[in-house]
Amino acid sequence: MIKTLLDEKLNKKDLLLSGRVFHVSCAAHILNLIVQEGLKVIGDSISKVRDSVLYLIGSAGKIDRFEEATRLVHCSCYKKLEYDCPTRWNSTYLMLRTTIKYKEVFNKLSLTDTNYKSYPTEEQWSNAEDVSDKLKLF
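One numbering rule holds for all chains: residues counted from 1, following each sequence as written. Under the rules for a predicted model, residues below a pLDDT of 70 receive no local features and side-chain atom pairs below 80 are neither given nor counted, while totals for whole chains, interfaces and linings still include all residues. The basis for every side-chain value is the complete set of non-hydrogen atoms in the structure, without hydrogens or water.

### A word on the environment of H29
1) Next: Positionally, H29 belongs in helix 2 (residues 27–39).
2) Next: Note on classification: 1.4 Å probe, protein chains only; a residue is buried when its accessible area is under 20% of the maximum for its type, exposed when over 50%, partly exposed between these limits. Assessed through its relative accessible area of 43%, H29 is described here as partly exposed.
3) Next: Expressed as a C-alpha distance, the spacing of H29 and R88, which sit 59 residues apart in the sequence, is 9.6 Å. A run of H or I in DSSP counts as a helix once it spans at least four residues, and a run of E counts as a strand once it spans at least two, with each numbered from the N terminus.

Here's what the structure looks like:
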């Protein structure tokens, strides 16, 4: 039905390849696909950060331990940790941006919480910081 309406309203001679290539994608969707493909390169690093956030926001007790560790390392960040939606690059950026500010707190937790197994390595933190800087441009 819609195709018939378009055929009636559009002159195919005026379209690229006489209308055979009549597909318009949203620029935001294309940008998301490009960024998602790039994020796959450091997927392990992002997964470790994501797992760390998920570990903490899983219970009130863990959040309390996190807040205590924040005080112990004199962290000046008071933003709430955000868990991302992996299909939306901007939410991954927001998660990385906030979590990186708590790097020393996560380090403290890795030393004091025997159940916390997803602490990112220094290389993974570095990758997260690099990609966060790059995503900020978008």
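### What about the environment of G38?
1) Next: With respect to the helices and strands, the residue G38 is situated in helix 2.
2) Next: Through-space distance from the C-alpha of G38 to that of V131 is 9.3 Å; in sequence the pair is 93 residues apart.

### Brief notes about the layout of surface pockets
1) Next: Looking at the largest pocket, its volume works out to about 300 Å³.
2) Next: A pocket here means an open set of points on a 1 Å grid, computed over the protein atoms alone, that has protein on both sides within 12 Å along at least five of seven lines. A cavity is instead a set of points where a 1.4 Å probe fits but cannot get out; residues with an atom within 4 Å of a point line either one. Along its surface, the largest pocket is lined by 14 residues, and F66, E67, T70, K79 and Y102 are the ones closest to its centre.
3) Next: Per element, the largest residue contribution to the lining of the largest pocket is five residues, and it comes from helix 4 (residues 60–72). Grid points are joined across faces, edges and corners, and a volume is the space filled by probe spheres set on the points.

### What about the side chain of Q36?
1) Next: Relative to the assigned elements, Q36 resides in helix 2.
2) Next: On the accessibility criterion, Q36 (18% relative accessible area) is buried.

### Structural notes on unusual backbone geometry
1) Next: The backbone phi angle of H74 is positive, close to 55°, even though this residue is not glycine.
2) Next: H74 sits in the exposed class, given a relative accessible area of 70%.

### Observations concerning the pattern of salt bridges
1) Next: Whenever a carboxyl oxygen of Asp or Glu lies within 4 Å of a side-chain nitrogen of Lys or Arg, that contact is scored as a salt bridge. One pass over the full model with this rule turns up five salt bridges.
2) Next: Where R65 meets D113, a salt bridge forms, and the shortest distance between an N and an O atom there is 3.7 Å. Of the two residues, R65 is situated in helix 4 and D113 in the loop between helix 6 (103–112) and helix 7 (122–136); the sequence distance between them amounts to 48 residues.
3) Next: Owing to a relative accessible area of 40%, R65 belongs among the partly exposed residues under this scheme.
4) Next: The buried category is assigned to D113, whose relative accessible area is 8%.

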